[in-house]
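# Structural overview for review
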Amino acid sequence: MPKQLEIIDKKEIILLDRIDREKVKSQIYEVRGLRVMLDRDIAAYFGVETGALNRAMKRNIRRFPPKFCFQISREEYHEILRCQFGILELEQGKYSKYLPYVYTEHGLSMLTSVLHTDRAIEASILIMEVFVEVAHYISQNTLLLPYEELKLLQSRQEKLSDKIQDIEENMVKKDELSDFIKLFDIGCKNELYRFS
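Each chain has its residues counted from 1, running along the sequence as written. Since the coordinates come from a predicted model, pLDDT governs what is reported: local features require at least 70, and pairs of side-chain atoms require 80 or more to be given and counted, while whole-chain, interface and lining totals use all residues. Water and hydrogen atoms were dropped before computing side-chain values, which therefore reflect all heavy atoms in the structure.

## Brief notes about the pairing of strand β2 (residues 34-38)
Our working definition: A pair of strands is labelled paired if DSSP reports no fewer than 2 bridges between them. By the criteria applied, helices consist of DSSP H or I runs no shorter than four residues and strands consist of E runs no shorter than two, each listed in order from the N terminus.
Summarising the sheet, strand β1 (residues 28-31) and β2 pair through four bridges and their orientation is antiparallel. Paired with Val 31 across the bridge in β2 is Leu 34. The hairpin turn running from β1 into β2, its antiparallel successor, is two residues long, and Arg 32 in that turn takes a positive phi close to 55°. Summarising the sheet, β2 and strand β4 (residues 101-103) pair through two bridges and their orientation is antiparallel.

## Re the sheet that holds β1
Counted only if it meets this: Only the contacting stretch of a helix is used when fitting its axis, a line to C-alpha atoms as for every element, and angles between N-to-C directions run 0 to 180 degrees. Between two residues, a contact is recorded if the distance between any of their heavy atoms is within 4.5 Å.
Overall, antiparallel pairing links the four strands, which are arranged β1-β2-β4-β3 in an open sheet. Each of the sheet's edge strands pairs with one partner strand only, and the pair in question is β1 and β3 (69-71). In this sheet, neighbouring strand axes are inclined to one another by 45° on average, regardless of whether the strands run parallel or antiparallel. Strands β2 and β4 of the sheet are contacted by helix α3 (residues 39-46), whose axis makes an angle of about 60° with β2. Packing of helix α4 (residues 50-59) onto the sheet brings it into contact with β3 and β4, and relative to β4 it is tilted by some 75°.

## What about the packing of aromatic side chains?
As a reminder, the rule being used: We call Phe, Tyr and Trp rings a pair once their centres come within 6.5 Å, taking the six-membered ring for Trp, and we label the pair stacked below 30 degrees between planes, edge-to-face above 60, and tilted otherwise. Think of it in three bands: residues with accessible area under 20% of the maximum for their type are buried, residues over 50% are exposed, and the middle band is partly exposed, with areas taken using a 1.4 Å probe on protein chains only.
For the coordinates displayed, the defined rule picks out one aromatic pair. Ring centres of Phe 64 and Tyr 103 lie 6.1 Å apart, and the angle between their planes is 80°; this geometry places the pair in the edge-to-face category. With a gap of 39 residues between them, Phe 64 in the loop between α4 and β3 and Tyr 103 in strand β4 connect regions that are remote in the sequence. Residue classification places Phe 64 among the buried positions, given a relative accessible area of 4%.

Put into structure tokens, the structure is as follows:
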């Protein structure tokens, strides 16, 4: 018997070696400002049915606050499907009638504590590494983008400031305009007296 278990474990390890990190990255979505994975994708990696995964979560609901796991709305689900398949025909009955649950990185970690299989543990480690890679990539790029945007805005602001200064220097001020109008009025009155 123990030899059979070893063979099963080796098969599971072989399956885990074939998990494509890029595919996992493509299965991480942003919903409600959180990076999440669909229950069905996690279940496939863990080697369990989606229903069994969600039942384990529901039996241990106190371990899964809303920032760890939540059921998405129909609109959010359709948006995920659009991301997966591009333009999508949303015909009734074409997709699952149950709205899926999504799990954050922390929810994924908690799942391994309620699903005690070696495969779930190994798969969760790999998936969490991918979550960290995605977060690291996003943080690096968000730090670079604002700096470049800031430099561009600063350059534009300096150009606008120079233009405003030129306009102000060439502008007639209210006091000067008032004096000019007075002179004009005096000049007009003098011209009228001259012709009268």
